[in-house]
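# Residue-level structural notes
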Amino acid sequence: MPLTYRLISGLYRLLIHSQTREPRRGVFALLYYGIGCFIAGFVANMILLCLEAYNLPFARDFLYARLGDPLLSALESALF
C-alpha cells in the first residue's frame, strides 16, 4: 500500500466520522479558528510593514507605547 494512500486514508478517518459519514466538528472548529488566527497575524504584520515602509515613526511609537516593546520586537524579528 503506497504511503500517499495511507496518508489520505488516515486523514479521512481523522476528519470524517465512520458511522455517520459526517465531518467531525472539533477538527473543523480547530481549523476554522487556526486559519482565522493566522490571517489576523498576517494582517497585523502587514500593518507593521506599512508603517515601516512609509516611515511613520509617530504611529510606530504609539503602537510601541500601547502594545509594548517585547511583543512588537518579537513580531519584527519574526518578519526579518
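These numbers were taken from a predicted model, which means no experiment stands behind them. (Residues numbered from 1 in each chain as written. Predicted model: local features only at pLDDT ≥ 70, side-chain atom pairs only at ≥ 80, totals over all residues. Heavy atoms only, no water.)

### So, the packing of helix 3 (residues 57-67) against helix 4 (residues 69-79)
Under the convention used in this document: Think of each axis as a best-fit line through the C-alpha atoms, taken over the contacting stretch in the case of a helix, with angles from 0 to 180 degrees between the N-to-C directions. Helix numbers and strand numbers start at the N terminus; a helix is a DSSP run of H or I with at least 4 residues, a strand a run of E with at least 2. For this classification, under 35 degrees means roughly parallel, over 145 means roughly antiparallel, 65 to 115 means roughly perpendicular, and everything else is oblique. The criterion used for residue contact is that any of the two residues' heavy atoms lie within 4.5 Å. Here the nonpolar group is Ala, Val, Leu, Ile, Met, Phe, Trp, Tyr, Cys and Pro; Asp, Glu, Lys and Arg are the charged ones; every other residue, Gly included, is treated as polar.
Direction vectors running N to C along helix 3 and helix 4 enclose 120°, while the axes themselves pass 7 Å from each other. Taken as axis vectors, helix 3 and helix 4 run oblique relative to one another. In contact with Arg60, Leu63, Tyr64 and Leu67 of helix 3, helix 4 contributes Asp69, Leu71, Leu72, Ser73 and Glu76. Tallied by class, residues from the contact of helix 3 with helix 4 come to five nonpolar, one polar and three charged.

### Details of the environment of Cys37
Keep this limit in mind: Note on exposure labels: buried denotes an accessible area under 20% of the residue type's maximum, exposed denotes more than 50%, and partly exposed covers the range between, all computed with a 1.4 Å probe on protein chains only.
Here Cys37 lies in helix 2 (residues 25-53). On the basis of relative accessible area, Cys37 is assigned to the exposed category, the value being 57%. C-alpha separation for the pair Cys37 and Ala74, spaced 37 residues apart in sequence, amounts to 17 Å.

### Here we look at the side chain of Asn45
Mapped onto the secondary structure, Asn45 falls in helix 2. On the basis of relative accessible area, Asn45 is assigned to the buried category, the value being 16%. Asn45 has contacts with Leu75 and Leu79, leaving out every residue within four places of it along the chain.

### With respect to the packing of aromatic side chains
Spelled out, the test is: Pairing of aromatic rings covers Phe, Tyr and Trp, the last counted by its six-membered ring, and requires centre-to-centre distances within 6.5 Å; plane angles under 30 degrees mean stacked, over 60 mean edge-to-face, and any other angle means tilted.
By the definition in use, this model includes one aromatic pair. Between Tyr32 and Tyr33 the ring centres are 5.2 Å apart and the planes differ by 80°, which places this aromatic pair in the edge-to-face class. When sorted by exposure, Tyr32 lands in the same class as Tyr33, which is exposed.

### Quick look at a nonpolar patch on the surface
For the record, the criterion: Each patch is assembled from residues with relative accessible area greater than 30% and no salt bridge, linking like charges that lie within 9 Å and nonpolar side chains (Val, Leu, Ile, Met, Phe, Trp, Tyr) that lie within 5 Å. Surface accessibility in these figures is a Shrake-Rupley result with a 1.4 Å probe; residues are shielded only by whichever protein chains are displayed. The term salt bridge refers to a pairing of a side-chain nitrogen on Lys or Arg with a carboxyl oxygen on Asp or Glu at a separation within 4 Å.
Taken together, Phe28, Leu31, Ile35, Phe38, Ile39, Phe42, Val43, Met46 and Ile47 make up a surface patch of nonpolar side chains, about 860 Å² in accessible area. Tracing the sequence through the fold places Phe42 in helix 2. The class of Phe42 is partly exposed, set by a relative accessible area of 45%.

### A look at unusual backbone geometry
A positive phi angle, near 60°, is found at Arg21, a position not held by glycine. You can see Arg21 is positioned in the loop between helix 1 (3-15) and helix 2. Residue classification places Arg21 among the exposed residues on the basis of a relative accessible area of 56%.

### Remarks on the confidence of the model for the protein chain
Regions with low pLDDT should not have their predicted coordinates read in detail. Put simply, the rule reads: Per-residue confidence from the predictor is reported as pLDDT, which spans 0 to 100.
Chain-level statistics for the protein chain give a pLDDT mean of 82 and a share of 99% at 70 or above. Ranking the elements of the protein chain by mean pLDDT puts helix 3 last, at 73, and helix 1 first, at 88.

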